[in-house]
Structure formats: structure tokens, C-alpha cells
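Below, each chain spelled out in residue letters.
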Amino acid sequence: GGGCSGHDMGEEATGHGHSHGQDQSSEGHAKGCGHSHGQGRSSEGRGGGKGCGQSHSTGDTGCQRGGGCHFPVNATAKPAADQKCKLQELEKGRFGCESDDGKQKVFLLNAETRQRWTVRSLASMIAEESVGPHEAETIRTVLDVEGICCPSEIPLIERILLPLPGVVSLAINVPAKTTTVIHNPTLTRPADLVLALNDASLDARLRRGAPPDTDRKLPPAHLCLALVLWLISIGAVAKDNVSELEYLRFCALGAVVLAAPKVALKAWGALKRGVLDVNGLTTLAVAGAIAIDEYFEAAAVVVLLGLSEWLQHQATAKARHAIGAILELRPEGAELLSGEILSVEDVPVGSTVVVRPGAKVPLDGVVTRGESSVDCAALTGESVPVSKGVGDEVAAGTVNQAGFLEIQTTTTAENSTVAQLVRLVEQAQTQRSASEVLVDRFAKVYTPIVVLFAALLATVPWAVDPDNARDYFYMALTLLVVACPCALVISTPITYVCTLSVAARHNILVKGGAHLEQLGKMRTLAVDKTGTLTEGRFKLQAIEISDPAYNRGAFLQLVASVENCAAHPMAVDLVAAARREGVSLLDGQSISKLDTLPGEGIAAEVGGRTVLIGNRRLAARVGWEVTVDLTHTQANGEGGDAPAGGFGADWEQAGATVTWVGMEGQLIGIFAVMDAPRAEASETVGRLRELGVKLVMLTGDNKGAAAAVASAVGIEDARASLLPGMKVDMVQELKAGAGKGGVGMVGDGINDAPALAAADVGIAMGAAGAAMAMETADVLLMDSDLRKLALGVELGHLASLKIKQNIAISLVTKVAVLIATVAGFAFLGLAVVVDVGSMLAVTLNGMTVLSKSPPPRPKHRAGCAAHGDVSCGQRPATA
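Residues numbered from 1 in each chain as written. Predicted model: local features only at pLDDT ≥ 70, side-chain atom pairs only at ≥ 80, totals over all residues. Heavy atoms only, no water.

**Considerations on the overall build of the protein**
Helix and strand counts for the protein stand at 26 helices and 36 strands. Per-residue burial over the protein gives 51% buried out of 879 residues. Here the analysis covers contacts within the protein between residues at least 6 apart in sequence; of these, 64% occur between residues at least 24 apart. Surface summary for the protein: the accessible area is close to 37900 Å², and the carbon and sulfur share equals 56%. (Helix = DSSP H or I, 4+ residues; strand = E, 2+ residues; numbered from the N terminus. Buried < 20%, exposed > 50% of the residue type's maximum accessible area, 1.4 Å probe, protein only. Contact = heavy atoms within 4.5 Å. Areas by Shrake-Rupley, 256 points an atom, 1.4 Å probe, with all protein chains shown as cover.)

**Describing helix 11 (residues 434-464)**
Think of an α-helix as turning once every 3.6 residues; residues three or four places apart then point the same way. When the terminal C-alpha atoms of helix 11 are compared, their 45 Å separation across 31 residues agrees well with the 45 Å that a helix rising 1.5 Å per residue should span. Residues E436, V439, D440, A443, Y446, T447, V450, V451, A454, L457, A458 and P461 constitute the buried set of helix 11. (Expected span 1.5 Å × (residues − 1).)

**What about the sheet that holds strand 14 (residues 333-336)?**
Taken in spatial order, the six strands make up an open sheet running 15-14-16-22-17-20, and their pairing is antiparallel. The outermost strands of the open sheet, each flanked by one partner alone, are strand 15 (341-343) and strand 20 (393-394). (Pairing = 2+ DSSP bridges.)

**Details of the nonpolar core**
Among the nonpolar cores identified, the biggest contains 124 residues, and L161, L197, L525 and I763 are the most heavily contacted of them. At 10 residues, the largest contribution of residues to this core is made by helix 7 (residues 295-315). Ignoring any residue separated from it by four or fewer positions in sequence, one finds L525 in contact with L688, V693, K694, L695, V696, G744, M745, V746, I763 and L789. (Core = buried A, V, L, I, M, F, W, Y, C linked by side-chain atoms within 4.5 Å.)

**Describing the packing of aromatic side chains**
Counted according to the given criterion, the structure contains four aromatic pairs. A centroid spacing of 5.4 Å and a plane angle of 20 degrees characterise the contact between W230 and F296, whose relative ring orientation is stacked. One end of the pair, W230, is in helix 4 (residues 221-233); the other, F296, is in helix 7, with 66 residues separating them in the sequence. Of the residues examined, W230 reaches a relative accessible area of 12% and is grouped as buried. The side chain of R249 reaches across the aromatic face of F250, ending 4.9 Å from its centre. (Phe/Tyr/Trp six-rings, centres within 6.5 Å; stacked < 30°, edge-to-face > 60°. Lys NZ or Arg CZ within 6 Å of the ring centre and 35° of its normal.)

**Some details on the pairing of strand 12 (residues 178-183)**
The buried count for strand 12 comes to five of six residues, which makes it a mostly enclosed element. Where strand 10 (residues 139-145) and strand 12 come together, six bridges link them in antiparallel fashion. Note on strand 12: the bridge partner recorded for D144 is T178. Where strand 11 (residues 167-173) meets strand 12, six bridges bridge the pair, whose relative direction is antiparallel. The residue bridging L170 from the neighbouring strand is V181, located in strand 12. A loop of four residues connects strand 11 with strand 12, the two strands running antiparallel in sequence, and K177 in this loop sits at a positive phi of about 55 degrees.

**Structural notes on the pattern of salt bridges**
One pass over the full model with this rule turns up 22 salt bridges. A salt bridge links K272 to D199, with the nearest nitrogen and oxygen atoms 3.7 Å apart. With K272 in the loop between helix 5 (249-271) and helix 6 (278-291) and D199 in the loop between helix 3 (190-198) and strand 13 (204-206), the pair connects residues that are 73 residues apart, well separated along the chain. The partly exposed category is assigned to K272, whose relative accessible area is 42%. Given the relative accessible area of 45%, D199 is considered partly exposed. Residue R687 is joined to E690 by a salt bridge in which the shortest nitrogen-to-oxygen separation is 2.9 Å. Of this pair, R687 and E690 both sit in helix 20 (residues 681-690), three residues apart, which is roughly one turn of that helix. Owing to a relative accessible area of 28%, R687 belongs among the partly exposed residues under this scheme. (Salt bridge = Lys/Arg side-chain N within 4 Å of Asp/Glu carboxyl O.)

Here it is in C-alpha cells:
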């Protein structure tokens, strides 16, 4: 039913009706709250489940436990009294309850559920069985799981959480020690996830806000004491000279008693669910060593394992801090106009919030009062604060510098720009690459084979060679340690997590290790021209009018008024150019029916007459003349003198973008704009060429403009006059000839979305705030510094190199110890040292990526963009 939900363990009561005290809860009653239960008589089973399952109106509840089930079977009718039934296996592998007459059955979704108390209305249980938890409303819960020491815990966590009712999917980040679960909270609450993991001694807790600071300068006290006892036990080796020293070996047993329980509890939690992980292997090795009186070896295994976990935790702290710095971009509180402070999640769209100097903007919105400069560096990488006033949009996570702002919110906290960015960063950490999957498959085969071999060595010799059976048993214990593939399986994710973190720190968002791997493999890169290789700011160069009825002012008024309703990159600059010349725009009501002509331009109704504005392809289609007298050419002061030559042809050869304007089928005139190459474009192209990447420019602009930009930046292959669909065909053609090397595509993520999707890796330029770019691209360059493109490719290459090194380190050390063990030269302590050493080696090697520095930003100089000159390559502070 849809009634009340009381609270449990002192949490706040929610829903309709009565609240309940500690350990007193009632859930699922429709139209009025059910009776409260006395302390220790919760309907969720605390205190034995007494008082469970009372029937009220039409929304009856039930209580389930392993021993039985007590609830009304018919939730749609008014029952005279509760009916009881026995929880049993109704079908093979399916547990549930059956009504007295046998006509109605309710199944639990899995056998795990029968071991835990749950309370649910019968109606919701039937709905769960019929539609399944995947179709219900889900939430996303992030758990900090400190018990994750290596990827061998992944199967255990999956075995624990995936069978729970309503759990749709989960993603596990080993280096960050987090688990993200998508689930239906009405079937499994976030607290249930924590309880289930902690039942396996995984030390889980709900993530609230920023990641917890779990760094420890020293190992835990019990581990330090165990280490001291183990070191003291070394003195027993001198027992031949001093017999009393023999008793020191019992100090090693003390070390085992101190260090082993945590490992044994985790091993038991995994074994209960059919998982043999590193803790299980370690526990078996320790027990076996004690059984043959090798106390020192037993202590060495458990103490060194504990130390390795602590050392790895310390080693990965840098990576976790890098991730945490990104997550902290998300604001937590918002101040309303009334002065009330709310969590950003509780602020509805349309609210007015106050942002004081030095505070973060809590939500995306529009400034309604005040002026200030806003620091967008954390979100977009822009080093110069951006001026904001009434009517300007601001993004959550940016920082108000000096003034007082009132902002009307336009999104919820969940849908804000910074929330999307943080969500993408979190998701990227858990995406698995092809290399990770391959390594995991190898580990799943390697470990069982070695364990089986160890089992044979530990048992068979007692029957065939009893005299040497003890030596074989000891060899088997060593193999159990060798069987743990921790170094191998951590080698790939630790490198990817570190690389993704350093990329995000430099405003490059890669959506997971798979895309990072593709960046490293990429050998061909298709590049859009406008806004990628060029500034994306068009300067009006010249106007040529063929219709004597129009002068410069009238021509600009017509063009700017239509362009003011359009959304392509040139429109904003044309409108600005007209306004600088004092031209007023037509009334917006006189312009109607604006249509986009794909690959050609736009069409609009102005005062009832059709106006066409577009490129040479449009001009050819409508039959406009392409050669006329130049007597009406009018140069614009922004661009200098108009070039001489045929109507528009020489402008195109000079690198300008030429646009035709006509009304009612008659040509009025043309104009030329130029978009200068970015200052860093040539440097970026050179660096990409050094990295072995071939560049191909794809543009819808004319051949002359394409050739001019390509020559300026150093690209040899330029393909012009392409429709959006033709760009996709070109990407497919490049992929067909690329061989094993991948093909990338970089553009704005909006107009080039189809081509980005067609490439092996799609890269969106200047994607901050562009929702479509965040959805379509695999790699997001959050600012417009083109050198970040080269840095992203470098990081992909570096990650691939580190992964190859780590896999080599892991395999070589494992094979060496395996051979030494079989040959009889290795001992248990050495196997542990090598295992710990190799795991730390691959961790530290992967973390060297964190020291990668971004390229220096170009310095401002006199006359730079901040002062109106685009040659510096920096956007103006008011952009």
C-alpha cells in the first residue's frame, strides 16, 4: 500500500500517519497508519518480530523471515483476519509463501532474501514479481567500502549485492574503495546495502558529501604490535646456541592472533558466498603453516599482508585526493533570499538564491540582481574571471569573486552542470577497458589452476610419498600465496584511475578506461575547422551588394535580424558587428518561420517574404549568378579592404567564408567573414604528429577557407564542403583504412555529434555546459585550449605504456616465484615479500602518471583578447 513509513533506529519518521519510536516501525499501510509497535516489537523483525503483520483497510502488510511468513494473502480485499503461511521452497530455487487454499503464491526474488527480515505489502511483492525491480523507480547510492584491498573482492561484492531485491547494477572502484549501486529503495534501502556488506566484514558506510579522509600515518595499533612480536620471534633461529630462545617462536603465534582475525572474518564472509579471495587463500596458508609448526612463516604471511594493505592504501592516497578534489566542486548548501540555508538537493527550480563574495554558485541559474566577476577555472579551466550581470547565466560550482549576486535557479542540483561533470567523473572511474577484462579473465583461470595444483601437492604425497609429504605440503602453502593475482589485476585499474584523475584535473574528462585506451591506440584524428582549429569568432571582412535598392545599413539590418534568430556559430558575431555599426534590428514579430537548410544555410519569412541566407551550395541550387560587377563592394572597417576578383571567389581563396543573401528568389548581395586559426593550433598539430597521429580536417566550409586554415596550422589533408552526413562517411572511410590504429574525431560535440559517434573515440571541444556534448562525446575538453587535445592523447599513450609495464612486472614476478617454488628454492616468507613487492611496484608505477603536467598557458600580451585582439588565443574576460 501507499500509507505511512515510520522510522527505525531513531531515524526521522516519514510518510503519512503516526511516527514510531526507536525499534518501532510500521510500513506499507494505505489510507492511514498502522498500529505502532512497542519497543522491541518492530514489524521489521527487531526483537523477534512480535506484533508483526497487523491488517488495516486495504493496504495490508506482511513480515517475512527464514522460519515463517505472517501476512494477509489478499491485498485487494478486506480480510477478516490475518492468514498465516509457511515460507518454503515453492519451486526449485524459488522461495515464498502460499495461501491456505493454495490459490495464491508470493515468491521472494532470491534465496538470499529469506535469511533477512523484510517488511513489505503483499501488493508490492506481487508487483515486484510481475514487473521486476528494473522497471521501478531507482536511485543511485555510493558506498565507501574500506574492506576493498584488491580486485579479488569484486566477485564477493557482486555476490552480496546483485541478488538483493531491486538492485539493478553496481560499479566497483578498487583504488577509490567505493561501490556505486543503482537500486529501488522501496525494495532494498541504502542501509540494507551497508548491512549486507558489513555482514562480510567489508567495513562499508554510506557516502555523505566528500570522500572520508581515511589516511593513516601509521599502521593500526594491532598490526604494529603484531609486527613487533613477529620480529621478536626471529630470535628463535639462535635456539641451537641458546635453548631458551626457542620459546620466542611463540611470539609469532601472538602476531597471528593479533593480525589474523580480520583476515579470517573477511575470508569467512566470502566463503559463505562461494568466493575464494585473497583473504581465503591467506587464511588457508596461515592455518597450514601453523599445522606444521611453522609459526614464523604463518606470522610472516598475515603480518606482511596487513602491511601491504596499509602501504597500498597510503600509496593510492594521492589518487583518491585527486578524485576528491573533483568531487568537492559540487556545492552542498544554498542561501535563499529569506536567509534560510538549505541543502542544494532541497532547492526547487525557480528559487532565488543569494551568492556572497567568495561563495560557490550553488545551482545553475540566471543573475537577477547584482554584478560580479565569477571564477570558472575549476569548471572550464578559464584563467580569467568572467564578468556576470543581470540576465547572464551562471553555472553551479563556479566561485563568486567580489560582488553580491541574486540568482534564479534553472535546474535542480541533480541536473546542474557541475553535478553532471561530477557524475561523469565518478562513472568514468568504474568503466572497465578491454585490457582490464582480459586481465580479469586470465586471473579467473590462473588462480583456480594454481589452487588445484596446491591442493594436489598438499594431499597426494601423503599417500604415495609420506616421507617427503611435509615438504610438498609446505610447497602447497607457498603456492597458495602465489595463487593470489592481486598485483596483476590491480595493474590496469590503478593506472587508469590515476590517469583519469590527472586528466580531469587538467579539465579533460575521459569517460572511462576504454576510451582512454582508444586515445592511446588512435593513429588518425579527424578535426573540425570552425571553433576547433579556429577561434570560432567571425570578423566581418566585406560586403558586396548586387541589388541597388539596398545600402550597407539595410543589408546588415536584414542579415543580422534573421541571424539573431539562428543558432549557428556565425550568428552571434554578425549581430554584434551590425550593432557596432549602429544598425538596429527588425522587430522580432516581423520574422517568422525560421528553418534550417541542412548543409546550405537558413530560410526565414520577413514581412511575409522569403529570405534565404546560405553558402555557395545554396546559391547554385537557386540559380543565383556567381559573377557580377564589383562596383557595389563595401569593405568593413573590421576586416580591411575587400579582395578584388570574381564575385566571392577571391574571398574564398583568401580563406574567408562567403555567404549569399537573397529575397523572393532574387540575389541581394554577399558578405565575407573570417575566423582566425587558434594561436596554439600549429603547436598542437606538430605535437600530435610527433605522437604518430595523422590529422585530417573535415569542414562544411568552402575549399578556399579550408585550404587557408589547413596551411596555417600545418595540416596536409583538408576535405571541404562536407554535409554532416558526409562527415560521418569520411570517418567511416578513415576507419576502414586505419587498420589496428583507431580513428578519433574532434568537434564541438553538437553540430558534429553524428561524426563523433561514428569515430572510435569522439572528442568534444569546449564542452563545459554543453549537455549534448557531455552525452555524445567519449572525451570532453572542458575549455577551449587546443593543446589539451595533445595532452589527452599523451595521457592515453602514457597509460598504455604503464599498463604494459605493470602487466610485465606482475607476470614476471609470479612466474619466477612459481618456478622457484616448484624447484624447491622458494619459501613462504619470500613468496609473500615478492607478492607484496610486486603489488606495490605496479601501484607506484601507475601513480607516476599523477606527476604529468599540463602545457603552460599562453601569456597575455599588449593587444591580446582581453583588449580586443584575438591573436593571443585567449578569450575575452566578458566572453
